[in-house]
Each structure stands twice: as structure tokens, then as C-alpha cells.
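Take a look at the letters that make up each chain.
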Amino acid sequence: MTEAPKKLYIKTYGCQMNVYDSERMAEAMGGQGYAQTDRPEDADLILLNTCHIREKAAEKVYSELGRYKGLKAANPDLKIGVAGCVAQAEGEEILRRQPLVDLVVGPQSYHRLPELEARARGGKSAIDTEFPEEMKFDHLPARPKPKRGPTAFLTVQEGCDKFCAFCVVPYTRGAEVSRPVARVLKEAEGLVEQGVREITLLGQNVNAYHGADGADSWGLARLIRRLAEIDGLERIRFTTSHPRDMDDDLIAAHGDCEKLMPYLHLPVQSGSDRILKRMNRGHTAEEYIRLVDRIRSARPDILMSGDFIVGFPEETEEDFRATLALVEEIGYGQCYSFKYSARPGTPAAERPVVDPAKADDRLQRLQTLLTAQQRAVQDSMVGRTVGVLVEKSGRLPGQVVGKSDHLHAVHLTANLSPGDLVDVRITESAPNSLAGILV
Ligand code: 5AD
Ligand code: SF4
């Protein structure tokens, strides 16, 4: 008789890189006989893959952990682990604050998870927040080969050396490291064999990619052009980028590489030069605007996306208006905006804060403008024919949902399956999606 597999429940917070990391952790624990479950009450091991970027995200972890008290009482064999950026930033402090936790593992140590789990089961201290010499990806098992959905994330770069004054990433994810070209290509080819047709290359500073190929070093554009040669891979995206690393070759690739999709997430954070300087962004608003002009010359229909922070220390109404002006000038198709959250250990955390009521008001004004822009760009798709990669069935019978080249969700009624790539004429624009008919 074979033993029933042990069950692993993973809850993922934060960015797409955490989504990727959670998959890889599940694969690593799969090698230890764990199957994934989506019910924490069935689990033998619960892992929270956490985010430390803003205070709210970090606090969610503790309220979630509090909920597991009953589960632990009901199942004394249950082990609970905290992974990700809260694990890295808070380390042992987590065990002090929530004794329910058995295991703490930082983002660079996932390949040591099986060993840590065994230590936790043996009642020993199981905490690893080192930045080991070896790269975790190269020590994780090769990705298994079951069939999978048509889209996948692939981490090619991790960490950041930019040290924006508000950001914890350089501390939680460490210095910038790129995976070697050959490993990325092998993983991409494996994904395509499993049915993947669209790959999103991930990195905290993905366009700073400088992967080794022997003695040579490749930039992101060269990697993208090489990936585009893989038969069966139809679409390539990448996120997140820094304006200072948008080099000429990458701009050109948006014009000449057909598989590179016309969507670019290029955060600017603020439109005020005074604030950009205090944020240590290393560029002015004007430089960003000129950069976007050049990208649009290469690929006129590119949809621009961004991130903004309002209420950064010492931001005045005038600074904020400069942000609104920059948004007007660029015309974004999609954006994320946040109220500044002071993060322990970052330079900005020491500075005088903006009145929270003023910050709330600015966030609301900015979001009103961004939502209007997003809606206008979406509405402008009506009547156009766009490529759509079908991802799953929709809610209505016969309906399928996919993503357009510009990353809009598109609903259509047609006899199609996940992985089909079709041309769709857009007929309707709803608040968060488009609808169309097969061409
Ligand atoms: N407060 C608010 N937003 C932040 N971001 C990063 N750090 C902070 C912070 N301390 C936002 C930035 C970044 C995105 C991932 O999160 O806009 O681009
Ligand atoms: Fe954080 Fe991005 Fe700035 Fe790096 S470039 S410090 S990840 S906001």
C-alpha cells in the first residue's frame, strides 16, 4: 500500500515573482511527497509566501497566521512556514511574534526548503534568511513536465541595486543577479514543450538583465530575440523595468521583434523632479517623457503602464500636480498607484511624513485620472482587431476568456480551447474587460 501524499497549502501575496516562487516551492516539496491542496484545513504544511513592500501587505501575514490557531490544535502534525520578503526582513522576529510558526525561509533559500521542513518536523530551529552563494534556481529540481496552461512566468533576474529611497526590495531580495542565458533558454523550452505559448520574463529590475553566456554577457533584448526563435512560443512579455535601464536595443526590440507584445510596465513613481531626486530615481520627469516618446516611435500602439506613489515625504501640492501633469502627458493604459508607506530600514522612513488626509485625497485624485485614462484606452480598442490568446472558459456557456496583445481581458463566444491564438474584432468595452467576435 502506498502512503497518501502529504498536503501542502501555499498562500501567495504580492508580486508576480512570488507567484513564480510559490510554483517552484511546490515543485521542490513535490519531490518530498507533497501534493498541493487549496484547503488549509487539509494541509500538513502551510506556507505563506509573503510581501513586505507596504505595511499593509506585511500586516496581512500576521492576521492570516492568527487564523491557523484552531488548525494547529486540531492537527498537531501541521507545520506552518513563512516564506518570502517578510521572512527575509523580519527573520526570527516572526517566531517571537507568532510562536505558531515552525519555519522561516527567505526568498534566496527555497532550494533548502525540504531540509528546513525536516528540521521543523524534528523540532529543531528552521530558519534560513541567508543570501547563499549558489543561486536557488540552479539548485531547485528541474521543473516537472505535466501539461500546463498557455501562459507562464519565468524569473530571469532578481534583486535590485537601485536603492530607491522608499523601497525594501534591495534589502529583502538582495543585490541584482541575472540567471545564465543557457538556464533561461532551457527552462523556456521546457515550458513550451508543456504547452506554454506566452512567457512573461520576471525580475525586480528585469531590463537590467545581464545574463552570462560563457564569457559573454547578454542584455534583455538579446535574450528576448533568442527566445523568439523558439517554435511554439508565440508571445513574450517582461516586467518590471526601470527607466534608466531601457537601452537602445530593448527599445528597438519593441519595434522589430514580433513576438514581443505591445505592453510596457515602466514605473516612474512621481512627476516632480524634486521628489524624483529625493526618491533617488536617477532621472527627471522630462527624461522619462522623452524615453516614452522614443519607445512609442519604435512601437506606436504600445500600451504604457506604470506605478505611482503619492504622499512621499515632503511631497507638496505642487509636486503632486506635476505627477498629474505627467500622467496627462503620457496617457497610460493601466496603472498602479499607492499611498506612501514608510518601510523600516529605508532612507525615506526617517523623513517628515505628509498629512495622511492629504495623501488620501491625492491618491483619490490620481486614481480618478488613471481610471479615466485606462477606460479611454480600452474604449479605443472597440472596432479594432487584436490577437487574443485563449486562457480559460468564461462564466457563460460557450464563452472563453483570453488576453489581448495589449493585456486586456477579452471575452468571446466561440468554440475555442486554452492555448488557441486567434484574431478578435473588439465590439464592446466594459469596466475591466473587452468583448469581441472571432474574425
Ligand atoms: N510605499 C508605497 N508604495 C511602494 N512601492 C514600493 N515601495 C513602496 C512604499 N514604501 C510601490 C512602487 C513600486 C511598486 C511595486 O510598489 O510604486 O513600483
Ligand atoms: Fe525598489 Fe524598483 Fe526602486 Fe529597485 S528600482 S529600489 S525594486 S522601486
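Quantities reported herein were computed from a predicted structural model and do not represent experimental measurements.

Definitions and cut-offs
Residues numbered from 1 in each chain as written. Chains lettered and ligands numbered in written order. Predicted model: local features only at pLDDT ≥ 70, side-chain atom pairs only at ≥ 80, totals over all residues. Heavy atoms only, no water. Helix = DSSP H or I, 4+ residues; strand = E, 2+ residues; numbered from the N terminus. Rg over C-alpha atoms; globule rule 2.2 N^0.38 Å. Buried < 20%, exposed > 50% of the residue type's maximum accessible area, 1.4 Å probe, protein only. Contact = heavy atoms within 4.5 Å. Areas by Shrake-Rupley, 256 points an atom, 1.4 Å probe, with all protein chains shown as cover. Lys, Arg positive; Asp, Glu negative; His and termini not counted. Charge placed at Lys NZ, Arg CZ, Asp CG, Glu CD. Salt bridge = Lys/Arg side-chain N within 4 Å of Asp/Glu carboxyl O. Core = buried A, V, L, I, M, F, W, Y, C linked by side-chain atoms within 4.5 Å. Arc of directions from axis to C-beta. Near = heavy atom within 4 Å. Nonpolar A, V, L, I, M, F, W, Y, C, P; charged D, E, K, R; others polar. Polar contact = N/O pair within 3.5 Å; in protein donor to acceptor, adjacent residues only side chain to side chain. Pairing = 2+ DSSP bridges. Axes fitted to C-alpha atoms, helices over the stretch in contact; angles between N-to-C directions.

(A) View of the overall build of the chain. Tallying secondary structure elements over the chain gives 15 helices and 21 strands in all. Here the chain has a C-alpha radius of gyration of 22 Å; the compact-globule value for 439 residues is 22 Å, and the two agree. Summarising its shape, the C-alpha atoms of the chain cover approximately 60 × 55 × 50 Å along the three principal directions. Residues counted as buried form 54% of the 439 residues belonging to the chain. Sequence-distant contacts, at least 24 apart, represent 72% of the contacts inside the chain between residues at least 6 apart. For the chain, the computed accessible surface area is about 19400 Å², with 49% contributed by carbon and sulfur atoms. In the chain, 57 side chains carry a positive charge and 64 a negative one; their mean positions are 3 Å apart.

(B) Structural view of the pattern of salt bridges. Evaluated as defined, the whole model comprises 40 salt bridges. For E198, the salt bridge identified is with R235, shortest N-O distance 3.0 Å. Of this pair, E198 sits in strand β10 (residues 198-202) while R235 sits in strand β13 (residues 235-239), placing them 37 residues apart in sequence. One connected set of salt bridges, linked through shared partners, spans E315, E317, R321, D361, R362 and R365.

(C) Expanded view of the nonpolar core. With 56 residues, the main nonpolar core has L201, L223 and Y332 as its most contacted residues. Filtering out sequence-adjacent residues up to four positions away, L223 remains in contact with V156, V181, V184, L185, L201, Y209 and W218.

(D) The arrangement of helix α10 (residues 220-227) in detail. Among the residues making up α10, those that are buried are L220, A221, L223, I224 and L227. What you see down the axis of α10 is that its buried residues fit within an arc of 160 degrees, all on one side. Of the surrounding secondary structure, the elements contacted by the buried residues of α10 are α9 (181-193), β10, β12 (216-218), β13 and α11 (248-256).

(E) Region of interest: the site of ligand 2. Around ligand 2, the neighbouring residues are C160, K162, F163, C164, F166, C167, V169, P170, N205, H242 and R281. For the shell around ligand 2, the residue count by class is seven nonpolar, two polar and two charged.

(F) Representation of the site of ligand 1 in the model. Around ligand 1, the neighbouring residues are I53, R54, F166, Q269, D307, I309, F338, K339, Y340, S341 and R343. Contacts to ligand 1 include F166, whose backbone N or O atom sits 3.0 Å from a nitrogen atom. Note that an oxygen atom of ligand 1 is positioned 2.6 Å from one of the side-chain N or O atoms of Q269. The protein chains hide 87% of the 410 Å² of surface that ligand 1 would expose on its own. Within the residue set of the shell around ligand 1, elements represented by two or more residues are β15 (303-310) and β16 (334-339).

(G) Looking closely at the sheet that holds β15. Read across the sheet, three strands follow the order β14-β15-β16 without closing on themselves; strand pairing throughout is parallel. If you trace the sheet from one side to the other, it starts and ends with β14 (263-265) and β16, each paired once. Neighbour-to-neighbour, the strand axes of this sheet turn through a mean angle of 10 degrees, independent of strand direction. As paired strands, β15 and β16 are joined by six bridges and run parallel to one another. Residue G306 lies in a different strand from β16, and its bridge partner there is C335.

(H) Spatial organisation of the pairing of strand β4 (residues 79-83). Most of β4 sits inside the fold, with five of its five residues counted as buried. Burial along β4 is two-sided: K79, G81 and A83 facing one way and I80 and V82 facing the other are all buried. With five bridges joining them, strand β3 (residues 45-50) and β4 adopt parallel strand pairing. By the bridge assignment, L45 is partnered in β4 with K79. Note that β4 and strand β5 (residues 103-105) share three bridges and pair parallel. Residue pairing across strands places V82 opposite V104, the latter belonging to β5.

(I) Seen up close, the side chain of Q399. By secondary structure assignment, the location of Q399 is in strand β18 (residues 399-404). Among residues more than four places away in sequence, those in contact with Q399 are S393, G394, H411, L412 and T413.

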